[in-house]
Amino acid sequence: MNDATSPVTALLDLRQWVAFDIDEDGRVLAGNDELGSLQLVEIEPDGRRTPLTDLPSRATGRYLPGRRQVVVQHDNGGDEKWQISLLDLSRPIESPVGLDGLTPVVQDAEHMNVVHDITARSLIYSTNRRNEVDMDVVVRNLDTGAETVVFDQGGYVVQTHVSHDETSVAVTTLSLQPNSTVVSVAGPRGPQSAGDLTDRDELANHEVLGWAAGDDALLLASDHERDQTAVLRLGLDGTWTTLAEAADRGLRGSLSRDGAALLVAHHVDGADTLAIHEADGRHRVDVALPPAVYAGLTWSADGARIVATVTTPTDPGSIVSIDATTGQAVTVVDGREQIPADLRDRLVEPTVHRIPTPDGEQVPCFRYAAAPADSLAGASVVLIHGGPEGEAERLFSPVLQGLALAGFDVLVPNVRGSAGYGKRWYSLDDVDKRLDSVADLAALHAWLPSVGLDPARSALWGGSYGGYMVLAGVSMQPDRWAAGVDIVGISSLVTFLENTSGYRRAYREREYGFLDRHRDLLEKASPITYLDQMVAPLFVIHGANDPRVPLSEAEQIKAALDAKGVPCELRVYDDEGHGLAKRANRLDAYPAAIDFLRARLAR
């Protein structure tokens, strides 16, 4: 490893921490990748840590209320065919357990089984076992093993929430409108007509936060009839009530398990500030934490505390516990402690910019200014997030920080179509507007000289949809980009839609266009259509088990560029899926990709 890539190696070697749950005694169930992929660890209130699992692939978990057991969700090599097991904690765990230390609950390795909700006696999960495509919602009695299918209306299930009396389940599925969901209620509390509580044809994204205390309404973060998401109450009679809103920002939320209190997150330019509210929307107290990206927000059963994962551009991931009465936070795990001392003060805080486009829009963008490096002075990397219905947030990225420490200026845009900036913005790349999003890359390139960057020495880097944008940029704007790093990206929207997993196809078509109606448009927006224009060298990374973007997308661009004589290195990881979940693979791939860019962009 050369000196230029040693910072990213050190940063990639940091251990990841993620908060999953908190039990009635204050124990925190967390994930940590000390063993190479994310595994379960229990943290006692006094700080003692007990590693719980050592499984062949990544794992997540939830406490089973009232029992010293954990519901474990695990897949195989990133294939996303999640299996569900129980881990018994009633006896001390002497060493992390493997698969033979778990009790199978849902063992069905050919299908995707996703944990959504857990009560003291029931597991609620979705599965596509019926026809490989549609996801049914199943309630399983954990004592008897009896299962009841409560929702089989078809679609991709993203959330479920069980009413407090456990008679009904709110089910959130993706709709066929771009970046939109529909909320249904299965059971006696649901509407009598088809169970839909929201309009299936509305362009709106609803995230259910939970049931109101009286089970007569749901609380949601939603952009129903508005541009920015607000915290809303939706009565089972269809009545909407606004609990918290802000015209210039989106609001997110997390509802206590008893429905008595709300955590509200104000989202501005990729970071959140938090406040506690009463269930009727009245402000209780601000949370004493700075703007950051907060994930895994989970309430204790008594509503007294919230556990969360916190990350910033300079914090790889800490776990905090928040007092819901005072708003004070205590650190359970300080992720910054593990950063080598010689790197801690060199990590870069981004500046926020708006990049003008020829059609009058402005692209939000974070700039991570380069550390001094003579050979790379003026070189830049534009890093595009996945999605497309995703968002670049101000969180820690070892790759991003490593690029900056290696001497590259890094620009991280939220091109049109990104979430986080309102409904209008995330709708600006739908179907026939796809290439307007690609055009935002050209606007970014045109902006480079205004901040002293060399337009002849700029590269693209992105994963998933960001990988598509890399390939679109180097193929459709060949005179602008000097190189590209494509991670699990799409080279042809046609072959991607033909070959992706059946349960995903319709919901990708709603964004890109439908194969039976928009084939010409899909071909026009496919990078491989412009193969004859491609001259920039590529570095391509892909997982062999990727169920979202098949490996064939990488293989066909590699074969085409080889035939054309354009340099293209392809690294395939046999034990990975959609991205690199294992630290050893990240340590192999990303420093090599940075070396590739150094060779292409150095003076």
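As shown above, the structure is provided for reference.
What counts and how
- Residues numbered from 1 in each chain as written.
- Predicted model: local features only at pLDDT ≥ 70, side-chain atom pairs only at ≥ 80, totals over all residues.
- Heavy atoms only, no water.
- Pairing = 2+ DSSP bridges.
- Helix = DSSP H or I, 4+ residues; strand = E, 2+ residues; numbered from the N terminus.
- Axes fitted to C-alpha atoms, helices over the stretch in contact; angles between N-to-C directions.
- Buried < 20%, exposed > 50% of the residue type's maximum accessible area, 1.4 Å probe, protein only.
- Phe/Tyr/Trp six-rings, centres within 6.5 Å; stacked < 30°, edge-to-face > 60°.
- Lys NZ or Arg CZ within 6 Å of the ring centre and 35° of its normal.
- Salt bridge = Lys/Arg side-chain N within 4 Å of Asp/Glu carboxyl O.
- Left-handed = near helix turned anticlockwise from the far one by under 90°.
- Contact = heavy atoms within 4.5 Å.
- Nonpolar A, V, L, I, M, F, W, Y, C, P; charged D, E, K, R; others polar.
- Parallel < 35°, antiparallel > 145°, perpendicular 65-115°, else oblique.
- Core = buried A, V, L, I, M, F, W, Y, C linked by side-chain atoms within 4.5 Å.

A. Region of the structure containing the sheet that holds strand 12 (residues 147-151). A sheet is described by the order of its strands in space; here four strands give the open sequence 9-10-11-12, paired in antiparallel fashion. Two strands lie at the open edges of the sheet, namely strand 9 (113-118) and strand 12, each paired on one side alone. Going from strand to strand, the sheet's axes swing by 30 degrees on average, the running direction of each strand aside. Pairing between strand 11 (residues 136-141) and strand 12: four bridges, direction antiparallel. What sits directly across from Val137, in strand 12, is Phe151.

B. Quick peek at helix 5 (residues 434-447). Counted residue by residue, helix 5 has 10 buried out of 14 residues, so it is predominantly covered. Among the residues making up helix 5, those that are buried are Arg434, Ser437, Val438, Asp440, Leu441, Ala442, Ala443, Leu444, His445 and Trp447.

C. Just the packing of aromatic side chains, in detail. A full pass over the atoms with the stated rule returns five aromatic pairs. Relative to Tyr512, the ring of Phe496 has its centre 6.0 Å away and its plane inclined at 85 degrees; by these criteria the two rings are edge-to-face. In this pair, Phe496 is assigned in helix 7 (residues 493-499) and Tyr512 in helix 8 (residues 502-512), connecting sequence segments 16 residues apart. According to the relative accessible area criterion, Phe496 is buried, its value standing at 2%. Judged by relative accessible area, Tyr512 falls into the buried class, the value being 3%. An aromatic cluster of at least three residues, connected via ring pairs, comprises Tyr465, Tyr468, Phe496 and Tyr512. We note Arg517 situated over the ring of Phe514; from NZ or CZ to the ring centre the distance is 4.4 Å.

D. Quick look at the sheet that holds strand 23 (residues 283-286). If you trace the four strands from one edge of the open sheet to the other, you get 20-21-22-23, paired in antiparallel fashion. For this open sheet the edge positions go to strand 20 (250-255) and strand 23, each flanked by a neighbour on one side alone. Strand-to-strand twist across the sheet, computed as the mean angle between neighbouring axes with direction ignored, equals 30 degrees. Sheet topology places strand 20 next to strand 21 (residues 261-268); six bridges connect them, and they run antiparallel. Following the sheet pairing, Gly253 is matched in strand 21 by Val264.

E. Molecular detail of helix 3 (residues 398-406). Of all nine residues making up helix 3, nine are buried, and the element is well covered by its neighbours. Where helix 3 is concerned, the buried positions are Pro398, Val399, Leu400, Gln401, Gly402, Leu403, Ala404, Leu405 and Ala406. Positive backbone phi, at 120 degrees, marks Gly407, one or two positions downstream of helix 3.

F. Expanded view of the pattern of salt bridges. Going through the model one piece at a time under the given rule, you end up with 49 salt bridges. Of the charged contacts, one joins Arg129 and Asp108 as a salt bridge, the two residues approaching to 3.6 Å between their closest N and O atoms. Here Arg129 is found in the loop between strand 10 (122-127) and strand 11, whereas its partner Asp108 is found in the loop between strand 8 (103-106) and strand 9, with 21 residues between them in sequence. Looking at Asp108, the relative accessible area reads 16%, which means it is buried. Salt-bridge contacts for Arg129 lead to Glu147; the nearest nitrogen and oxygen are separated by 3.7 Å. On the criterion of sequence distance, the pair formed by Arg129 in the loop between strand 10 and strand 11 and Glu147 in strand 12 is long-range, its members being 18 residues apart. Look at Arg129 and you get partly exposed, because its relative accessible area is 33%. Salt bridges sharing partners connect three or more residues here, namely Asp13, Arg15, Asp33, Glu34, Arg583 and Arg586.

G. Spotlight on the packing of helix 3 against helix 11 (residues 583-601). Two elements in contact, helix 3 and helix 11, have axes whose closest approach is 11 Å; the angle formed by their N-to-C orientations is 35 degrees. For the pair helix 3 and helix 11, the sense of crossing is right-handed. Residues Val399, Gly402, Leu403 and Ala406 of helix 3 form the contact with helix 11, whose participating residues are Tyr590, Ile594, Leu597 and Arg598. Taken together, the residues of the contact of helix 3 with helix 11 sort by class into six nonpolar, one polar and one charged.

H. Local environment of the packing of helix 5 against helix 6 (residues 465-476). Taken N-terminus to C-terminus, the directions of helix 5 and helix 6 make an angle of 75 degrees; their axes are 10 Å apart at the nearest point. With respect to helix 6, the axis of helix 5 lies roughly perpendicular. Contacts from Arg434, Leu435, Ser437, Val438 and Leu441 in helix 5 reach Tyr465, Tyr468, Met469, Ala472, Gly473 and Met476 in helix 6. Its residues placed into classes, the contact of helix 5 with helix 6 shows eight nonpolar, two polar and one charged.

I. Just the environment of Leu435, in detail. Among the secondary structure elements, Leu435 is positioned in helix 5. Taking the relative accessible area as the measure of exposure, Leu435 reaches 26% and is therefore partly exposed. With residues up to four places along the chain from it excluded, the contact list for Leu435 reads Tyr468, Met476, Lys524 and Ala525.

J. Layout of the nonpolar core. Of all hydrophobic cores here, the largest spans 81 residues; its most connected members are Leu403, Phe408, Trp461, Tyr468, Leu538, Tyr590 and Leu597. With eight residues, the top contributor of residues to this core is helix 11. Ignoring any residue separated from it by four or fewer positions in sequence, one finds Tyr590 in contact with Leu12, Val399, Trp461, Ile487, Ile541 and Leu580.

K. Representation of the environment of Ala592. By secondary structure assignment, the location of Ala592 is in helix 11. For Ala592, a relative accessible area of 16% puts it in the buried group. Distance from Ala592 to Thr298, taken between C-alpha atoms, is 38 Å for residues 294 residues apart in sequence. Excluding residues that lie within four positions of it along the chain, Ala592 makes contacts with Phe539 and Arg571.

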